[in-house]
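Examination of the molecular architecture
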Amino acid sequence: MIRSYIAENTKRIISDKGLKHMAVAARAGYSTQQFSALLNNRKVIKDTDVIAIANALEVTPNAFA
């Protein structure tokens, strides 16, 4: 399985900020299931996903690198 550094860093940022995955998913415009699929490598994270998640977390897309 290929690890997604974006997914790993997203999980880290969510944890560091003390947020709930459900809240971030809603802010980014995803259902909880869609967001879970992105974070658990069941769905490929596209550039549009990175932007939506970064906006929801109030970070720049570079935070995932």
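Just so we're clear, the structure is a prediction, and the values are computed from it rather than from any experiment.

Turning our attention to the overall build of the chain. Along the chain, the regular secondary structure elements total 4 helices and 0 strands. If you list the helices and strands of the chain from N to C, you get α-α-α-α. For the chain, whose C-alpha radius of gyration is 10 Å, the value lies close to the compact-globule estimate of 11 Å for 65 residues. Reported as C-alpha extents along the three principal axes, the dimensions of the chain are approximately 30 × 25 × 20 Å. In the chain, buried positions account for 35% of the 65 residues. Expressed as a percentage of contacts within the chain between residues at least 6 apart in sequence, the contacts between residues at least 24 apart total 55%. For the chain, the exposed surface amounts to about 4,300 Å²; the carbon and sulfur share of it is 55%.

What follows deals with the packing of helix 1 (residues 5-17) against helix 3 (residues 32-39). Taken N-terminus to C-terminus, the directions of helix 1 and helix 3 make an angle of 120°; their axes are 8 Å apart at the nearest point. Of the possible angle classes, the one that applies to helix 1 and helix 3 is oblique. Here Ala 7, Thr 10, Lys 11 and Ile 14 of helix 1 come into contact with helix 3, specifically with Phe 35, Leu 38 and Leu 39. The residue makeup of the contact of helix 1 with helix 3, split by class, is 5 nonpolar, 1 polar and 1 charged.

It is worth spelling out the environment of Ala 56 at this point. Structurally, Ala 56 can be placed in helix 4 (residues 47-57). The spacing of Ala 56 and Ala 26 is 30 residues in sequence and 8.4 Å in space, taken between C-alpha atoms.

Definitions and cut-offs
Residues numbered from 1 in each chain as written. Predicted model: local features only at pLDDT ≥ 70, side-chain atom pairs only at ≥ 80, totals over all residues. Heavy atoms only, no water. Helix = DSSP H or I, 4+ residues; strand = E, 2+ residues; numbered from the N terminus. Rg over C-alpha atoms; globule rule 2.2 N^0.38 Å. Buried < 20%, exposed > 50% of the residue type's maximum accessible area, 1.4 Å probe, protein only. Contact = heavy atoms within 4.5 Å. Areas by Shrake-Rupley, 256 points an atom, 1.4 Å probe, with all protein chains shown as cover. Axes fitted to C-alpha atoms, helices over the stretch in contact; angles between N-to-C directions. Parallel < 35°, antiparallel > 145°, perpendicular 65-115°, else oblique. Nonpolar A, V, L, I, M, F, W, Y, C, P; charged D, E, K, R; others polar.

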